[in-house]
Amino acid sequence: MSVIRYGDLNVEMVDNHGVLISRLSQRQAPVDSFSPRPPAVPRSQPVPGREEQVADALRAIEQGRPVEFHAGCGYGKSTLLQHIAAMAADRQPAFTCVYVRADGDRVEDLLQQLVSELYESAQPVKLTPAECAHLLRQQRLVVAVDDAPTDPAQVGYLLDVLPGCRLVLGCGTRVPVRGGSSHDLPGLPSDAALELLASDLGRPLTSQELPAGRELVSAVGGDRKSTRLNSSHITI
């Protein structure tokens, strides 16, 4: 039998018998059982060709504005967001900087994920969205959300419940961001894509390989994923 608390409810999952739900007396608020813990350090990778986007994001963070980057799969959103979170951690020591992947889930699920990243509890407790927001408002956060929800109402709700956070969103399609900015993430410039090719090969491209490399970069339009997947085909 396992037990979990949700709000003022005690939920007991009884083997082969279903679920027993009982109401608790409010002697202790559920959030009181949570204590802060240091989150995972954001991973930073070189992002050649993305200097403009990194500068835009860091400027928005400093000004307290949300910022959103959108592109299809393979254009390097994850690498960019992880790098922005790592750079923000260096430049904004008063803030806790985290990178999370939402996978397009509802904002309520994202709030639970953030609480799991930043807090721990000695007993199994599932907080309500309002309780999650209460805990998260106690921290100064820079949150890079990969695969963020694309519903403007969901993004607006996130901005409402975390008004003190700096949000950097990565989406598959453009999402209007209230009070912030939205940026299309283009393919990598040719030189940056060739640098990525050389990095994957572990050596500079030879003069004989450069024409094939430039043809590949042009064919995939600077798509990071396609460039990497096809890097082996340029070797002569």
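Further up the page is the structure itself.
Caption draft 1: Quick peek at the overall build of the protein chain. Secondary structure summary: the protein chain contains 8 helices and 11 strands in total. For the protein chain, long-range pairs separated by at least 24 residues make up 66% of all intrachain contacts whose partners lie at least 6 apart in sequence. A total accessible area of about 12,000 Å² is found for the protein chain, and carbon and sulfur atoms account for 51% of it.

Caption draft 2: Expanded view of the side chain of Q154. Looking at the secondary structure, you find Q154 in helix α5 (residues 152-161). Reaching out from Q154, the side chain makes a polar contact with the backbone nitrogen of V107 at a distance of 2.7 Å. The residues contacting Q154, other than those within four sequence positions of it, are R106, V107, E108 and P149.

Caption draft 3: Seen up close, the packing of helix α1 (residues 51-63) against helix α2 (residues 77-91). Closest axis-to-axis distance for the α1/α2 pair is 10 Å, and the angle between their directions is 45 degrees. Our classification of the angle between α1 and α2 gives oblique. Between α1 and α2 the crossing geometry is right-handed. Contacts between α1 and α2 involve Q53, V54, A57, L58 and I61 from the former and L80, H83, I84, M87, A88 and R91 from the latter.

Caption draft 4: Seen up close, the environment of A86. The residue A86 is located in helix α2 in this model. Measuring from C-alpha to C-alpha, the distance between A86 and C97 comes to 7.3 Å, with 11 residues separating the pair along the chain. Excluding anything up to four places from it in sequence, A86 contacts P42, R43 and S44.

Caption draft 5: Layout of the pattern of salt bridges. This structure, assessed with the given rule, holds 5 salt bridges. As a salt-bridge pair, D147 and R101 come within 2.8 Å of each other at their nearest N and O atoms. A residue pair is termed long-range when its members are at least 10 positions apart, and D147 in the loop between β9 (141-146) and α5 and R101 in strand β6 (residues 96-101) qualify at 46 residues. Here R106 makes a salt bridge to D109, at a shortest N to O gap of 3.9 Å. Here the salt bridges do not stand alone but share partners, grouping R101, D146 and D147 into one network.

Caption draft 6: Molecular detail of the environment of V41. Relative to the elements of secondary structure, V41 occurs in the loop between β4 (34-36) and α1. Placed 48 residues apart in sequence, V41 and A89 show a C-alpha to C-alpha distance of 8.6 Å.

Caption draft 7: The side chain of Q82, seen in detail. Considering the arrangement of structural elements, one finds Q82 in helix α2. Sequence-distant contacts of Q82, defined by excluding residues within four places in its chain, comprise P42, R43, Q45 and Y99.

Caption draft 8: Fine view of the sheet that holds β9. The parallel open sheet is built from 5 strands, whose spatial order is β6-β9-β10-β5-β11. Edge positions in the sheet fall to β6 and β11 (181-184), since each of these pairs with one other strand and no more. Sheet twist, expressed as the mean angle between neighbouring strand axes with direction ignored, is 15 degrees. Sitting on the sheet, α2 is in contact with β5 (67-70), β6, β9 and β10 (166-171), with an inclination near 165 degrees to β6.

The rules behind these values
- Residues numbered from 1 in each chain as written.
- Predicted model: local features only at pLDDT ≥ 70, side-chain atom pairs only at ≥ 80, totals over all residues.
- Heavy atoms only, no water.
- Helix = DSSP H or I, 4+ residues; strand = E, 2+ residues; numbered from the N terminus.
- Contact = heavy atoms within 4.5 Å.
- Areas by Shrake-Rupley, 256 points an atom, 1.4 Å probe, with all protein chains shown as cover.
- Polar contact = N/O pair within 3.5 Å; in protein donor to acceptor, adjacent residues only side chain to side chain.
- Axes fitted to C-alpha atoms, helices over the stretch in contact; angles between N-to-C directions.
- Parallel < 35°, antiparallel > 145°, perpendicular 65-115°, else oblique.
- Left-handed = near helix turned anticlockwise from the far one by under 90°.
- Salt bridge = Lys/Arg side-chain N within 4 Å of Asp/Glu carboxyl O.
- Pairing = 2+ DSSP bridges.

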